[in-house]
Amino acid sequence: MFDNIYQNKTVLITGHTGFKGSWLALWLKELGANVIGYSLAPPSQPNNFEVTNLREKMTDVRGDIRDLDCLLETFTRYQPELVFHLAAQPIVRCSYNEPKMTFDTNVGGTVNIFEAVRRTSSVKVLVNVTSDKCYENRERVWGYRENDPLGGHDPYSASKACAELVFNAYLKSYFSQSVVHGRTIGAASVRAGNVIGGGDWGVDRLVPDCIRSLSRNRPVFLRNPRSVRPWQHVLEALGGYLLLGACLSQNPEKYSGAWNFGPDDGSHLTVLALTDLLIKFWGEGVWVDISDSTSPHEAKLLKLNCDKAHAGLNWHNVLTIDECLQMTAQWYQKYYRESQSRDLSALCIEQIRDYMDLAEGRLLDLGVKIATSKAVLCS
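- Going by an unreviewed UniProt entry, the chain carries the name CDP-glucose 4,6-dehydratase and comes from Syntrophus gentianae.

**Structural notes on the pattern of salt bridges**
- One pass over the full model with this rule turns up 19 salt bridges.
- Note that Asp-104 and Lys-100 form a salt bridge whose closest N and O atoms lie 2.6 Å from each other. Linking Asp-104 with Lys-100, this pair stays in helix H5 (residues 99-119), spanning four residues, or about one helical turn.
- Residue Asp-104 is classed as partly exposed on the basis of its relative accessible area of 29%.
- Assessed through its relative accessible area of 59%, Lys-100 is described here as exposed.
- A salt bridge links Arg-118 to Glu-115; its shortest N-O distance comes to 2.9 Å. Placement of the pair is Arg-118 and Glu-115 together in helix H5, with a separation of three residues, close to one helical turn.
- On the basis of relative accessible area, Glu-115 is assigned to the buried category, the value being 10%.

**A look at the packing of helix H7 (residues 206-214) against helix H10 (residues 271-282)**
- In contact at an axis separation of 11 Å, H7 and H10 are set at 40° when each is read in the N-to-C sense. Relative to H10, the element H7 lies oblique. The way H7 lies across H10 gives a crossing that is right-handed. Packed against H7, whose contacting residues are Leu-206, Val-207, Cys-210, Ile-211 and Leu-214, the element H10 presents Val-271, Leu-274, Thr-275, Leu-278, Ile-279 and Trp-282 at the interface.

**Some details on the pairing of strand S4 (residues 82-85)**
- Burial along S4 is two-sided: Leu-82 and Phe-84 and Val-83 and His-85, pointing in opposite directions, are all buried.
- Direction of pairing for strand S1 (residues 10-14) relative to S4: parallel, over a ladder of four bridges. For Val-11, the partnering residue across the bridge sits in S4 and is Leu-82.
- In terms of strand pairing, S4 meets strand S5 (residues 125-129) through four bridges, oriented parallel. Counterpart to His-85 in the pairing with S5 is Asn-128.

**Some details on the nonpolar core**
- Tyr-6, Trp-27, Tyr-241, Leu-313 and Trp-331 are the most contacted members of the largest nonpolar core, which has 88 residues in total.
- Beyond its immediate chain neighbours, meaning those up to four positions away, Tyr-241 contacts Tyr-6, Lys-20, Phe-84, Val-127, Val-129, Val-190, Ala-192 and Phe-261.
- Ranked by size, the runner-up nonpolar core spans 24 residues in total, among them Leu-72, Ile-113, Val-117 and Leu-171.

**Description of the confidence of the model for the chain**
- With 92% of its residues at a pLDDT of at least 70, the chain reaches an overall mean of 91.
- Note that pLDDT drops below 50 for residues 368-379; the model gives that stretch zero contacts with residues more than four away or on any other chain.

**Considering the sheet that holds strand S11 (residues 268-270)**
- With mixed pairing, three strands are arranged side by side in an open sheet as S7-S9-S11. Only two strands of the sheet have a single neighbouring strand rather than two, namely strand S7 (194-196) and S11. The mean inter-strand angle of the sheet, taken between neighbouring strand axes irrespective of direction, is 50°.
- Examined bridge by bridge, S7 and strand S9 (residues 228-233) share three bridges and lie parallel to one another. Residue Ile-196 lies in a different strand from S9, and its bridge partner there is His-233.
- Taken strand by strand, helix H12 (residues 321-338) contacts S7, S9 and S11, and its axis lies near 65° from that of S9.

**Some thoughts on unusual backbone geometry**
- Here the residue pair Gln-45 and Pro-46 is connected by a cis peptide bond, since its omega of -5° sits within 30 degrees of zero.
- One can find Pro-46 in the loop between strand S2 (34-39) and helix H2 (48-51).
- Even without a glycine there, the phi angle at Gln-79 is positive, about 50°.
- Relative to the helices and strands, Gln-79 is located in the loop between helix H3 (68-78) and S4.
- The class of Gln-79 is partly exposed, set by a relative accessible area of 33%.
- Positive phi, close to 60°, is recorded for Asn-217, a residue that is not glycine.
- Examined against the element boundaries, Asn-217 turns out to sit in the loop between H7 and strand S8 (220-222).

Conventions adopted
Residues numbered from 1 in each chain as written. Predicted model: local features only at pLDDT ≥ 70, side-chain atom pairs only at ≥ 80, totals over all residues. Heavy atoms only, no water. Salt bridge = Lys/Arg side-chain N within 4 Å of Asp/Glu carboxyl O. Helix = DSSP H or I, 4+ residues; strand = E, 2+ residues; numbered from the N terminus. Buried < 20%, exposed > 50% of the residue type's maximum accessible area, 1.4 Å probe, protein only. Axes fitted to C-alpha atoms, helices over the stretch in contact; angles between N-to-C directions. Parallel < 35°, antiparallel > 145°, perpendicular 65-115°, else oblique. Left-handed = near helix turned anticlockwise from the far one by under 90°. Contact = heavy atoms within 4.5 Å. Pairing = 2+ DSSP bridges. Core = buried A, V, L, I, M, F, W, Y, C linked by side-chain atoms within 4.5 Å. pLDDT = per-residue confidence, 0-100.

As structure tokens, this is what we get:
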């Protein structure tokens, strides 16, 4: 899928002990990369980093992105060629309780990453992961484009908007100019929808909350059952990041900038609708509405427009929402019902390989359909 760009490359991931970061590390190892991870300890127990035994498969460096000296030491020691920055404080409700920590991590920590990239001559590509919540959300029914205004009602969303402004400043001042060690760095900031999949046990996240309840035969409690979100499997977003990273390595000037990676309209579902589907694929379960009008504000409607990624990268979502939830339920059922050793690395690799095969076939079919449609229009 990526023209062997990652084969034998040294790739540094911040946040590799988290949900998305651990899946990205596994995928990069499958692509033949030498993977370096820089992160705090895993954010939950259990966690995907440990249940896939990732420590034995990569270089695991423990550090805080707020610690610039530690970051610089790691970059200097390992000389990464590509950097994927995922480390963050990712929870909206937590940001209300810990606003300073959220801004220190998501803004100050991101500045430190960019400084480490700027000062390390080996780095050729930077993919900075923020969030779809970086946009000034006006609860509108059409999707936000990459050039729409940034903003944030809550500290988390505001911190991600700030991180985007910092990225843009570094892109224009350093990365897109041949002034840093005499080189141009291919740098992109990516904004994905709500990613789901096996191995996520984060707090205040819908699917992990559902799985914790379903695995114990308890009701699922829904705080915002009517909120609409852009749901997609974690491999969909990561596939976009990896594709973009490969393109940046080949043509940094063309592909640098902001990119959305969200699902098609069919995967924009309410929290309630997604929960019903997950219960269906789990096999049993019930939910209870505990919505409270006095709770801290969270957006009710959020959509992304991904026309830029469709046209510029030929990136499209591969999985239907049903397939996404089937894969997710299968992963957790393996963990809770079948696995004795609880080493899920083989299942993760199997799902990655199946996804790559499916993507190759479906995107080829899509390309044929588009070419046929254009031929018909021209005739």
